[in-house]
Amino acid sequence: MNPVARRSALCAAISLLLSPAALAQDAATLDAVQVTATRIERPLDEALASVTVITREDIEASQAPDLIDLLGRQAGIDVARTGGPGAGSALFLRGSNSTQSLILVDGIRVTSTGQGVFDFAHLPLEQIERIEIVRGPRASMWGSDAIGGVVHVFTRDPSAPSARVTAGSYGRAGASAAFGTGDARRGFGITAGAQRVRGFSATNPNSVFSYDPDDDGYRNRNLSLRGRTAVGTLVLSFNAIATDAEVEFDRGITDARNASGGVTLAGELGARWSHQFTVGHAREDLDTVSSFSNAFRSRRTSADWLHTLAMGTDANLRFGLNWQRETGESENVFNGPLFDDTRRSQAAFVGYGGRFGRHVLDLSLRRDHSNQYGGVTTGNAGWGVDLGERVQWRLSWGQGFRAPNFNELYYPDTGFGFAGNPDLRPEHSRTWETGLYYAPAAGQRLELSVYRTRVRDLVAFAAPLTNNAININRAALEGVELGYRFDRGGWSGGGNLTWQDAIDAGTGRPLLRRAKRKAHVDLGHAWANGLSVALEGDYFSGRPDFGAQLPSHALAHLRLAWQFSPAWRLEGRLENLTDREYELVRGYNTPGRSGLVSLVWNGR
């Protein structure tokens, strides 16, 4: 989009969202607290970053078929998937690579040590209580990977029994149940679920690897546990989640087992001093049976100790230590063992921030050291100023880095003309961002963000003569994001718009599978008799893929719900109302017109 057209579209969108009809809305306050941007609970207007909070209520209202679909509706996020439910998925946050976003589950880093990504396809929405998306670098608080941002998933903490039964198109069937009891200092909860999908053919004739028109199914079983007990003035808690999935693809099947969890001791150490000490572990086991059978094992053990000191009325000092040990193993049927390696790292970080009258300040600094890549220092600085009772302007600068994954470091040359390189350096980034936050009335939120990111030392399999991994590429990422939500008088809705340019700075070519423009809009109404209905729309501009340009597409969805008793609710969702054919990855199919029906019981 040229600059004039971009400015015109932006002005038109702002004018529409700030029209008198919109500003006249009055509603309950939307969720306004986050913990991921600053590592402690702070109001959204003190995060000094673009943050989206998706609550359990939002998840249930969306009736999204899965997590990757829900994330793909958010501003600044592109997703790709190689087929139907359970198929391999990738997330691109603000145009960054799929390996350049930090993924946390209950504060535990869950990305694979081998590929450096997390497959959202296997984490069911029934297991999720809350999602926080922080856009922009957070390396000075969290370390490696947080170049594009952070996606933090919090698992269910049930306080009462509940259950859900689901059926839908493509042979989908599933059930989940949860039970919990207790209070803030003592309690226990469990959530379990299972689903299967007959599926549809993952590939189509455009696929360059293989094409088999048979149905490719998916099965998933999942379980999470959570508990806590008082230990004097402190609280000792634990959480764990495990998923076991089977994914069918053309001429093969993958067994994917993921688990993560941690034990935390947290509480007050003094009148103005609190701490949180967490020991965590995440693991992934992938076993693929096909004409090219292979296996991969990923393990990560970590320890985090975070301290917070209250400084005055509205300021805080945060400091802490981090340690982690990562291991990865890989083998295939032709070559046997490929690598079995370990990496250790340590870090120390400090942050200071708070509100000072009309001004909000946040500063942070972190030093990471690894036995593989050496030392990296990252910083972040943010400043915000209230321009009125309901308006805040913010400006921030931050650094990010990504440590090479084990495939890039240690994968041997198996005859395909590429191999890893143990001497790789981390990728580095710098980002400038400015934004405007506006709450026109209670229960409404409008946010505008403009960012500019430069990434250097990108890893590519492009070494002269060998095509081994080297640090060579650069990327330029720029964009504008606009979002708005409201809720009043039975009506609720909103939307987001994203304009972005994500290019290879060396060649000037756009990065693959990122749409230059995307939009999401939804509008719904709920009646006093328990009925509700909503219509959703999504638009994605054309985007490049390997050997092709994927065309633009627009989708429409309809959802209905009936709360026919205090404990029971019936839900129905129609996906892709116009039965639009489109691809997220060249050669891979997506669902056509399809439906999903759920019966939900809450025993509160």
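That block above? That's the structure.
These lines cover the structure that appears in this document, whether it is placed above or below. Everything numeric here is computed off the predicted structure, so don't read it as measured data. (Residues numbered from 1 in each chain as written. Predicted model: local features only at pLDDT ≥ 70, side-chain atom pairs only at ≥ 80, totals over all residues. Heavy atoms only, no water.)

## Some remarks on the packing of aromatic side chains
Moving on, step 1. In this structure the tally under the stated criterion is 15 aromatic pairs.
Moving on, step 2. Ring centres of Phe 118 and Phe 120 lie 5.2 Å apart, and the angle between their planes is 90°; on these two criteria the pair is classed as edge-to-face.
Moving on, step 3. Residue class for Phe 118 comes out buried when judged on its relative accessible area of 12%.
Moving on, step 4. The class of Phe 120 is buried, set by a relative accessible area of 3%.
Moving on, step 5. Every member of this aromatic cluster is reached through a ring pair, and the members are Phe 296, Phe 339, Phe 406, Tyr 410, Tyr 411, Phe 418 and Phe 461.
Moving on, step 6. Here Arg 39 stacks its cationic end above the ring of Trp 142, 4.0 Å away from the centre of that ring. (Phe/Tyr/Trp six-rings, centres within 6.5 Å; stacked < 30°, edge-to-face > 60°. Buried < 20%, exposed > 50% of the residue type's maximum accessible area, 1.4 Å probe, protein only. Lys NZ or Arg CZ within 6 Å of the ring centre and 35° of its normal.)

## Here we look at the side chain of Arg 39
Moving on, step 1. In this fold, Arg 39 is placed in the loop between β1 (33-34) and β2 (42-43).
Moving on, step 2. Owing to a relative accessible area of 13%, Arg 39 belongs among the buried residues under this scheme.
Moving on, step 3. Polar contacts involving the side chain of Arg 39 include one to the main-chain carbonyl oxygen of Met 141, which spans 2.9 Å.
Moving on, step 4. When sequence neighbours within four positions are dropped, the list of residues in contact with Arg 39 reads Met 141, Trp 142, Asp 304, Leu 306, Phe 349 and Arg 366. (Helix = DSSP H or I, 4+ residues; strand = E, 2+ residues; numbered from the N terminus. Polar contact = N/O pair within 3.5 Å; in protein donor to acceptor, adjacent residues only side chain to side chain. Contact = heavy atoms within 4.5 Å.)

## Here we look at the pairing of strand β5 (residues 89-93)
Moving on, step 1. Buried residues dominate β5, accounting for five of its five residues.
Moving on, step 2. Looking at chain direction, strand β4 (residues 77-81) and β5 are connected through five bridges and run antiparallel. Note that in β5 the partner of Ile 77 across the bridge is Leu 93. (Pairing = 2+ DSSP bridges.)

## What to know about unusual backbone geometry
Moving on, step 1. For Arg 39, which is not glycine, the phi torsion reads 70° and is therefore positive.
Moving on, step 2. In this model, Asp 579 sits at a positive phi of 55°, which is unusual for a non-glycine residue.
Moving on, step 3. Of note, Asp 579 is situated in the loop between β32 (568-575) and β33 (594-602).
Moving on, step 4. What makes Asp 579 partly exposed here is its relative accessible area of 38%.

## Thoughts on empty space enclosed by the protein
Moving on, step 1. By the definition in use, this model includes twelve cavities of 30 Å³ or more.
Moving on, step 2. Its boundaries defined by the atoms lining it, the largest cavity holds a volume of some 530 Å³.
Moving on, step 3. Contributing to the lining of the largest cavity are 32 residues, with Asp 69, Arg 81, Glu 575, Tyr 582 and Pro 591 lying nearest its centre.
Moving on, step 4. Only α4 (67-72), β4, β12 (187-200), β28 (531-540), β31 (553-562), β32 and β33 provide two or more residues apiece to the lining of the largest cavity.
Moving on, step 5. Put simply, the second largest cavity is a space of about 450 Å³.
Moving on, step 6. Forming the boundary of the second largest cavity are 33 residues, of which Ala 64, Pro 65, Glu 126, Thr 166 and Arg 172 lie nearest the centre.
Moving on, step 7. If you list the elements that add at least two residues to the lining of the second largest cavity, you get α3 (56-62), β10 (162-168), β11 (172-182), β12, β13 (216-231), β32 and β33. (1 Å grid on protein atoms, 1.4 Å probe; cavity = no way out; pocket = protein on both sides within 12 Å on 5 of 7 lines; lining within 4 Å. Points joined across faces, edges and corners; volume = space filled by probe spheres on them.)

## Here we look at the sheet that holds strand β7 (residues 108-109)
Moving on, step 1. Strand order in the open sheet formed by five strands is β3-β8-β9-β6-β7, with mixed pairing between adjacent strands. The open sheet has two edge strands, β3 (50-55) and β7, and neither has a second partner.
Moving on, step 2. Taken together, the six bridges between β3 and strand β8 (residues 128-135) define a ladder with antiparallel strand orientation. Across the sheet, residue Ser 50 finds its bridge partner in β8, namely Arg 135.

## Regarding the environment of Arg 272
Moving on, step 1. Along the chain, the position of Arg 272 falls in the loop between β15 (252-268) and β16 (273-290).
Moving on, step 2. Separated by 256 residues in the primary sequence, Arg 272 and Ala 528 have C-alpha atoms spaced 46 Å apart.
Moving on, step 3. Contacts of Arg 272, omitting those with residues within four sequence positions, involve Thr 308, Leu 309, Ala 310, Met 311, Gly 312 and Thr 313.
Moving on, step 4. Within the structure, the side chain of Arg 272 is placed 2.5 Å from the backbone oxygen of Gly 312, a separation counted as a polar contact.

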